[in-house]
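# Overview (structure and organization)
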Amino acid sequence: QLDRGCALHTAARGGLSSVCSQDVPAERPRAVFHTSESDPAKHTEQHEGRLYNIPLEEVKAVFPHGLPYRFQQQIRTFNEARVMVRRPALELLACLKGSNLAHPAVRYVIYGERGTGKTMTLCHVVHYCSRQGWLVLHIPDAHLWVKNCKELLQSSYKKDRLDQPLQASVWLKNFKSSNERFLQEIKTQKKYMWGKQESTEEGRPLGEVVEQGLARVRSASDAVGVVLRELKQQSHRGSFRLLVAVDGVNALWGRTSLRKEDKSPVSPEELTLVHNLRKMVRNDWSGGAIVTTLSQTGSLFRPSLAYTPQELLGKEGFDALDPFVPIPVPNYSPKEFESCYGYYLERKWLQHEKAHTEDGKAELQFLSGSNPRQLDRLAGPL
Amino acid sequence: RIMPVRWSRYNPSYLEPEVKTESHQKPLEELTEEEKEQMDLKAVRPIKAAPATLSSSVFSDPMISKFTNMMMKSGNKVLAKSLMSQTLEAIKRKQLEKYHKAPENEKETIECNPYVIFHQALKNCQPIIGLSSITRGGKTYQVPVPLTDNRKRFLAMKWLITECRENKHRRTLMPEKLSQELLLAFSNEGPVIKKKHVLHKMAEANRAYAHFRWW
C-alpha cells in the first residue's frame, strides 16, 4: 500500500540495492520486456524500455483522473496496467530523489511532439510520489478549465472574477478520493466565510473545506482556492511533501474560448481556478516540486505543429515559468519499440497473421515512425 | 472529357502494375524462363497507372477495401476507413474481454481475430439462391435464379450496411452497431441471417416458376 517514505534516496547507482538480478530472463521469455519491479523508486537504467505493472487497486486509488482515455481502455481490455519505464521519467525521478526540500520548489516542464508520452511520464512521476507518501495535487488537463464550460458564475469573493462550479466540483471529488489521509491531518489556519451564514473555523481539518465545496457547488471554486492556499502555506513545515502535477500547463497563459454574457471574450486571469493555479505554479514556496506538461492537442489558438515551450507558452507564460528544467520526450527508441511490440504480441492484441512476421513489424515501425500514439492507433484494428 | 467507368480505355499493350514486394526482391538467378520473358516485356511495354486503392501493405485485404468503399458516402474515404478500423478494434476488444474472463477449457473456442470473424460473418450472410423478376403475359413473376459469387458478396455486404444504418438507436455509433451485427452473423444469429433465410423461403415457395428462367 502507500507507506510513507522514511529517508530521501540518493541518486547514486551503486548505493541502490537493486533487485535487477530477478529480472534476468530465467523461466519464461515474458521477462525480457517486463519487469517485476513495481515500485518506481527502484527503477534504474537497467529497467529502461521495460514495462512495469501497477496493481489495479492502486490505479483506482492514485489515478481517479489523469490517465489518457486510450490507456484506460487498454487497462480494461488487458485487465492490467503496464507502464513503460523511459529515460525522461528516469531523469525526472533522479532529480526528485536528489532535490533539497528546504529550497524553493523546482519547476519541471515535460515537452515533446504530439503523442510521444508526456502524460504517461507525468503519471509515472505521480505514481512514484504517491508511493513515497507525498501529497499529490494532480490537475489532469488544464485545458478543460478554459474551454467548453457550460456554467460561468460571477464570483462572490472578487467582483470581476468568474467561477466554474462544475469543473471545480469534479476536481474536488477526485482530489478527495486520492488524498483522503492528508485531508484529516492538515488543519486550516484562518477562518473562511462561505456566504453570509456558513463558515469554516480556524484549526478545522481540510476535509471540511472539501466537503463544503462539494455540498455547495456555488462555492466550489473558492473551496479549491482555499485548499491550494493552505497547502502552499503549510508545505514548508515539512510534515508532508507536496507535488503539483499539471497537465497542459500552457492553458493557463493562452486564451480561452469562453465568453461572458455580453459576448466579450474571457481572459484566463478572470477565472478563479486559473488565477489560483497560477499562484500555485510560482516557485515562492518550498517543500515539494512542480512537474508540468505542455500539450498542443487540447490547446486553443496554437498551431498544430508547435511543441517547444517558447511556442506553446507564449511570452507571458514563459516569463512566469522561467526558470524551469526542460525535459524533452522523444519517440520510441528501437529497444522501446521492440518491447512495446512484444507486449502487444504477448497480450494477443496484434491478431493479424501478418503482424507476427518480420515484414509486419517493419511495416508497423515505418508507418508509425516509432511514435507511441501512432503505433497504438495502428495496432488497434490489426 | 468522358472518364471510362466499365470498359478500360487503355491501349491493349499496357501491362498491369506489379505491387507484391517479393516478386521485385528475387535475385536474377532464381527466375524461371517465363518470368525472365515477363521482365523483358516490362522493360519495353508501358504500364497502366496504379489505382489509389492498390496497396503493397501486408495488412491490406480486398474484401475489407470493398466493404469500406460500400460504406463510403460522397467520397469521404478517410471517414469510411476510420469507421472500419474502429469496428475491427471494437470486435477485438469485445472478444478479448470475453476471452480473458472465460475458463480455461472454453478459451480455444473464442475467436479473437477480427478479420476471421469478418470473413466468416460475410460468408454466413451470403444467400445461395436469389429472385429475379420476369414479365410473362403482362404479369411479373419472382423467379428463383442462381447467383454469381460477386452478386452474393455484394448482397451480403449491402444487407449488413443497410441493417446498421437503419435499425439502430439515434445515439449509437456505426462502429459499435456494425461490430454487434458482425458478431451475431458470425454465430449465425441476427437480423441479416434472418433476411437471408426469408429470401431462401421465398425462392422455395416460388419453385413452380423456375422454368421461366432461360439462362
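Rules and cut-offs
Here the residue numbers are simple positions, counted from 1 along each chain's written sequence. Just so you know, chain letters begin at A and ligand numbers begin at 1, following the order they were written in. Residues qualify for local features only when their pLDDT is at least 70, as the model is predicted, and side-chain atom pairs are given and counted only at 80 or more; totals for whole chains, interfaces and linings, by contrast, use all residues. Computation of side-chain values: all heavy atoms of the structure, hydrogens and water removed. UniProt positions are given in the numbering used here, feature names are shortened, and annotations may be inferred rather than shown by experiment. Under the DSSP-based scheme used, a helix requires at least four consecutive residues in state H or I and a strand at least two consecutive residues in state E, with every element numbered from the N terminus. Where each domain begins and ends follows an automated or database-derived domain assignment. In short, buried area is how much 1.4 Å probe accessible area vanishes from two parts on joining, totalled over both. Salt bridge criterion: a side-chain nitrogen from Lys or Arg within 4 Å of a carboxyl oxygen from Asp or Glu. Two strands qualify as a pair provided DSSP detects at least 2 bridges between them. The axes are straight lines fitted to the C-alpha atoms, using for helices just the contacting stretch, and the angles between their N-to-C directions are given from 0 to 180°. Should an angle lie under 35 degrees it is considered roughly parallel, over 145 roughly antiparallel, and from 65 to 115 roughly perpendicular; all remaining angles are considered oblique. Throughout, a contact is declared for two residues whenever any of their heavy atoms are within 4.5 Å.

Chain B has the name Small ribosomal subunit protein uS7m in an unreviewed UniProt entry, where Illadopsis cleaveri is given as its organism. Taken verbatim from the UniProt record of chain B, the Sequence similarities (unreviewed entry) comment is "Belongs to the universal ribosomal protein uS7 family." A UniProt comment under Subcellular location (unreviewed entry) is attached to chain B, and it reads "Mitochondrion".

Looking at an unreviewed UniProt entry, one finds chain A named Small ribosomal subunit protein mS29 and attributed to Illadopsis cleaveri. As its UniProt record puts it under Sequence similarities (unreviewed entry), chain A is described as follows: "Belongs to the mitochondrion-specific ribosomal protein mS29 family."

Per the UniProt record, "domain: Small ribosomal subunit protein uS7" (unreviewed entry) is annotated on residues 50-207 of chain B. Annotated as 59% helix and 10% strand, the span residues 50-207 of chain B places its first and last C-alpha atoms 46 Å apart.

It is worth spelling out the domain arrangement of chain A at this point. Accessible area lost during the coming together of the parts is what is often quoted as the interface size. All names here are of chain A. Taken as a whole, chain A is organised into domain 1 (45-328) and domain 2 (334-380). Using C-alpha coordinates to define each centre, domain 1 is positioned 33 Å away from domain 2. Across the interface of domain 1 and domain 2, roughly 1400 Å² is buried in total on both sides, 48% from carbon and sulfur atoms. Interface area lost by domain 1 to domain 2 is led by R70, F78 and G115, which between them contribute 40%. The tally of links between domain 1 and domain 2 comes to three salt bridges.

The next subject is the sheet that holds strand β12 (residues 325-328) of chain A. The strands making up a sheet associate through hydrogen bonds between their backbones, and the pairing can be parallel or antiparallel. Residues and elements named next belong to chain A. Judged by pairing direction, the sheet is parallel, and its five strands sit side by side in the order β5-β10-β11-β4-β12 without closing on themselves. Edge positions in the sheet fall to β5 (135-139) and β12, since each of these pairs with one other strand and no more. Averaged over all pairs of adjacent strands, the angle between strand axes in this sheet comes to 15°, irrespective of strand direction. Relative to strand β11 (residues 288-293), strand β4 (residues 106-111) runs parallel, the two sharing five bridges.

Residues and elements named next belong to chain A. Between helix α8 (residues 220-234) and helix α9 (residues 272-281), the shortest axis-to-axis distance is 9 Å and the interhelical angle comes to 5°. When the axes of α8 and α9 are compared, the pair comes out roughly parallel. Contacts from S221, D222, V224, G225, L228 and K232 in α8 reach T272, L273, N276, L277, K279 and M280 in α9.

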